[in-house]
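Read off the chains here:
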2 protein chains.
Amino acid sequence: MTDQTQIAYFTEEASAETVNARVSDDADARLKTVMESLVKHLHAFVKDVELTQDEWGVAIDFLTRTGQICGGNRQEFILLSDVLGVSMLVDAINNRRPSGATENTVLGPFHVDGVPDYEMGANITKAGGRETCRFFGTVTDLDGHPVAGARIDVWSDSEDGFYDVQQPDVQPRHNNRGVFTTGADGKYWFDGIKPVSYPIPDDGPVGQMLGHLGRHPYRPAHMHFIVSAEGFDPVTTHTFVAGDDYLTSDAVFGVKQSLIATFDPVEGGETRWQSRYDFVLQRS
Amino acid sequence: MTDQTQIAYFTEEASAETVNARVSDDADARLKTVMESLVKHLHAFVKDVELTQDEWGVAIDFLTRTGQICGGNRQEFILLSDVLGVSMLVDAINNRRPSGATENTVLGPFHVDGVPDYEMGANITKAGGRETCRFFGTVTDLDGHPVAGARIDVWSDSEDGFYDVQQPDVQPRHNNRGVFTTGADGKYWFDGIKPVSYPIPDDGPVGQMLGHLGRHPYRPAHMHFIVSAEGFDPVTTHTFVAGDDYLTSDAVFGVKQSLIATFDPVEGGETRWQSRYDFVLQRS
């Protein structure tokens, strides 16, 4: 059997090469690169585990149910990407930064546009909360110089573990959200609540998969930040509450070690907790 | 950074290891093996091509649309598996046979149970067809001894390229389908039509993907066979019409070189064509 024949007709050995040989030379070069790599790895996976017909059937059924449950606010394929670490990997690859610059993590599904701009120091919690917290720090460049005019877009869940958009009938609009802008000293400070851990939606195919893998659906408590400034690469990230039970088992793998922030109790202050985190931006 | 930290928190380098470290030791051992390999290859793919956020978004949208178009008789994820060569690869891995035994190919979506048993020599074409064809041959074991009592389940498309189940209002039920049983000589023969090539459904996401890859949706003309006998491994396969335009570009990669059958014109016979194919079964 010649090499040409091996590619012309299907063989187990040359299966991926046969599939990839069919792509037209006129196809978009990048699409071709991506699909060839996908086919190569997909076939290698099937060969490595010698996937059975029944297992293939389970996979087809799983993917179908994952697609069919999507709709409205539910995007189960993004959730699947999240729990397999793919969303974080894509984020990491596309946001590589020099040592010392604040690291990215995933945006998540709960960011909204059009949130009010507040004066520095404002309280973003509109519906109360016992575990009040002051968030503060400085935005600098890699040399430690303060960044003036940095826009800080923040959002977190409520003390019950829900974002305002998940409970439009329960929480006031824009509860635990706000936008702040730094002055010449690069400093920021605002009040909110100490975030709490919460489960990702686990009543669909992805939750069933986590169950079979013996994985829990929880994310460790975190405050979301997007920090952007003219002339700098924007940073989309969270700060995670040090000591949270789920720091080393985030269902979506969002935790990078550098993003764990201390939350210190405050005696006799305006808030019960305070959390300092300094952001370091890279010039673009 | 220690190895333990690399697995506890997300890093681009150790992304797959981090995901796989989360699977419980109590999870089903086979599921664990399959998922670990899947995650390893999926992350390697994303890293190899350095997938962009936009490309990831295209993939999420594609998978979602593929799931949402499924329903009724349409299974777009199986079609996706087919056009990526995965269905054939799974079939090949699960049906390895010694040299000389008839090779498998995919079952396809058009097999039905409950088809009539015919006397050897019957005509399975109920709706006519110009390019009539006699199919014949012998079923033997690997030593060349005839296999008596072999069940031969056959089905093909019509001259218009559709199976009966695709056109319940146009074709008679069980048109171009039949079941035959060999006698002591292991021989089979029946009449039908010379099959024609036809496109797989290409009006959905999978068809769009084929379009972008510059691939056509056609399958080369083929007759389906399931040959089974007590004490032997059943063979699910097709014979392909030699000379078909799509033999080396089957949209679902079903063609193995050993399955190409000659279709010879017949002068003054009962049928216009004849096609001989001998089946060789492996003892189970």
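Since the structure is predicted, the reported quantities are computational estimates derived from the model, not experimental observations. (Residues numbered from 1 in each chain as written. Chains lettered and ligands numbered in written order. Predicted model: local features only at pLDDT ≥ 70, side-chain atom pairs only at ≥ 80, totals over all residues. Heavy atoms only, no water.)

## Brief notes about the overall build of chain A
Move 1: Along the backbone of chain A there are 7 helices and 12 strands.
Move 2: Burial statistics for chain A: of 284 residues in total, 52% are counted as buried.
Move 3: Pairs at least 24 residues apart make up 70% of the contacts formed inside chain A by residues separated by at least 6 positions.
Move 4: Just so you have it, chain A exposes about 12,700 Å², and 49% of that area is on carbon and sulfur atoms. (Helix = DSSP H or I, 4+ residues; strand = E, 2+ residues; numbered from the N terminus. Buried < 20%, exposed > 50% of the residue type's maximum accessible area, 1.4 Å probe, protein only. Contact = heavy atoms within 4.5 Å. Areas by Shrake-Rupley, 256 points an atom, 1.4 Å probe, with all protein chains shown as cover.)

## With respect to the interface of chain A and chain B
Move 1: Taken residue by residue, the interface counts 74 residues in chain A and 74 residues in chain B.
Move 2: In total, chain A and chain B occlude about 6,800 Å² of area from one another, counting both sides; carbon and sulfur atoms represent 67% of this.
Move 3: Looking only at chain A, the three residues that lose the most surface to chain B are Tyr9, Phe10 and Arg22 of chain A, adding up to 11% of its buried area.
Move 4: Inspection of the region where chain A meets chain B yields 8 salt bridges.
Move 5: Among the salt bridges present, the one from Glu50 of chain B reaches Arg96 of chain A, with a minimum N-O distance of 2.9 Å.
Move 6: The interface formed by chain A and chain B contains 32 residue pairs in polar contact (both at pLDDT 80 or more).
Move 7: Counting residues per element, the side of chain A that touches chain B draws most heavily on helix H3 (residues 29-49) of chain A, which supplies 18 residues.
Move 8: Residues that form the side of chain A that touches chain B fall into these classes: 38 nonpolar, 23 polar and 13 charged. (Buried area = accessible area lost by both parts, 1.4 Å probe. Salt bridge = Lys/Arg side-chain N within 4 Å of Asp/Glu carboxyl O. Polar contact = N/O pair within 3.5 Å; in protein donor to acceptor, adjacent residues only side chain to side chain. Nonpolar A, V, L, I, M, F, W, Y, C, P; charged D, E, K, R; others polar.)

## Section: the pairing of strand E11 (residues 273-276) of chain B
Residues and elements named next belong to chain B.
Move 1: The alternating pattern of E11 places Trp273 and Ser275 on a buried face, while none of Gln274 and Arg276, on the opposite face, is buried.
Move 2: Strand direction decides the pairing type here: strand E1 (residues 132-141) and E11, joined by 4 bridges, are parallel. Paired with Phe136 across the bridge in E11 is Arg276.
Move 3: Across 2 bridges, the pairing between strand E10 (residues 264-265) and E11 is antiparallel. Each bridged residue has a counterpart across the sheet, and for Pro265 the counterpart in E11 is Trp273. (Pairing = 2+ DSSP bridges.)

## Some thoughts on the domain arrangement of chain A
Many descriptions give the size of an interface as the accessible area lost when the pieces come together.
Move 1: On domain assignment, one finds that chain A holds domain 1 (4-51) and domain 2 (98-281).
Move 2: Each of domain 1 of chain A and domain 2 of chain A has a C-alpha centre, and these two points are 43 Å apart. (Domains from an automatic or database assignment.)

## Thoughts on the packing of helix H5 (residues 76-83) of chain B against helix H7 (residues 205-212) of chain B
All names here are of chain B.
Move 1: Between H5 and H7, the least distance of the axes is 9 Å, while the angle of their chain directions is 25 degrees. Between H5 and H7, the angle falls in the class roughly parallel. Contacts between H5 and H7 pair Glu76, Leu79, Leu80 and Val83 from the former with Pro205, Val206, Gly207, Met209 and Leu210 from the latter. (Axes fitted to C-alpha atoms, helices over the stretch in contact; angles between N-to-C directions. Parallel < 35°, antiparallel > 145°, perpendicular 65-115°, else oblique.)

## Thoughts on the relation of the copies chain A and chain B
Move 1: Superposition record for chain A on chain B: RMSD 0.0 Å, screw rotation 180 degrees, translation along axis 0.0 Å. These values place the two chain copies in the arrangement generated by a two-fold rotation axis. Within chain A, Gly67 of chain A has its C-alpha nearest the rotation axis, a separation of 2.0 Å.
Move 2: Both copies present the same face, since 100% of the interface residues in chain A are matched by interface residues at the equivalent positions in chain B. (Least-squares fit on C-alpha atoms with pLDDT ≥ 70 in both.)

## Looking at the pattern of salt bridges
Move 1: One pass over the structure, following the stated rule, counts 32 salt bridges over all chains.
Move 2: One salt bridge in this structure joins Lys40 of chain A and Asp48 of chain B, with 3.7 Å as the shortest N-O distance. With Lys40 of chain A in helix H3 and Asp48 of chain B in helix H3 (residues 29-49), this residue pair bridges two chains.
Move 3: Among the residues examined, Asp48 of chain B registers a relative accessible area of 47% and is labelled partly exposed.

## What about the packing of aromatic side chains?
All names here are of chain A.
Move 1: Applying the stated criterion across every chain, the model contains 27 aromatic pairs over all chains.
Move 2: Arranged with centres 4.4 Å apart and planes meeting at 20 degrees, the rings of Phe110 and Tyr163 form a pair that is stacked. Linking Phe110 in the loop between helix H6 (86-93) and strand E1 (132-141) with Tyr163 in the loop between strand E2 (151-155) and strand E3 (177-181), this pair joins segments that are 53 residues apart in sequence. No difference in accessibility class separates Phe110 from Tyr163, as the two residues are buried. (Phe/Tyr/Trp six-rings, centres within 6.5 Å; stacked < 30°, edge-to-face > 60°.)

## Some details on the environment of His222 of chain B
Residue and element names in this part refer to chain B.
Move 1: Looking at the secondary structure, you find His222 in strand E7 (residues 222-228).
Move 2: Aside from chain neighbours lying at most four places away, what touches His222 is Ser156, Tyr163, Pro195, Tyr198, His238, Thr239 and Phe240.
Move 3: One polar contact links the side chain of His222 to the main-chain carbonyl oxygen of Pro220, over a distance of 2.7 Å.

## As for the sheet that holds strand E2 (residues 151-155) of chain B
Move 1: If you walk across this open sheet you meet the 5 strands as E3-E2-E7-E8-E9 (chain B), and the pairing is mixed. Either end of the sheet is taken by a strand with one partner, and the two such strands are strand E3 (177-181) and strand E9 (260-261) of chain B.

## A few points about the pairing of E1 of chain A
All names here are of chain A.
Move 1: Burial analysis of E1 places 7 of its 10 residues in the buried class, which makes it a mostly covered element.
Move 2: In terms of strand pairing, E1 meets strand E12 (residues 279-281) through 3 bridges, oriented parallel. Residue Asp141 lies in a different strand from E12, and its bridge partner there is Leu281.

## Structural notes on H3 of chain B
Move 1: Taking 1.5 Å of rise per residue, 21 residues should cover 30 Å, and H3 of chain B covers 31 Å from first to last C-alpha, within 8% of that figure.
Move 2: Taken together, the buried positions of H3 of chain B are Lys32, Val34, Met35, Ser37, Val39, His41, His43, Phe45, Val46 and Val49 of chain B.
Move 3: Buried residues along H3 of chain B sit in contact with H3, helix H4 (53-68), H6 and helix H7 (205-213) of chain A together with helix H2 (15-21) of chain B.
Move 4: Taking the backbone nitrogen of Arg30 of chain B as reference, a side-chain oxygen 3.2 Å away marks Asp28 of chain B as the first, capping residue of H3 of chain B.
Move 5: After H3 of chain B finishes, the residue Glu50 of chain B shows a positive phi value of roughly 45 degrees. (Expected span 1.5 Å × (residues − 1).)

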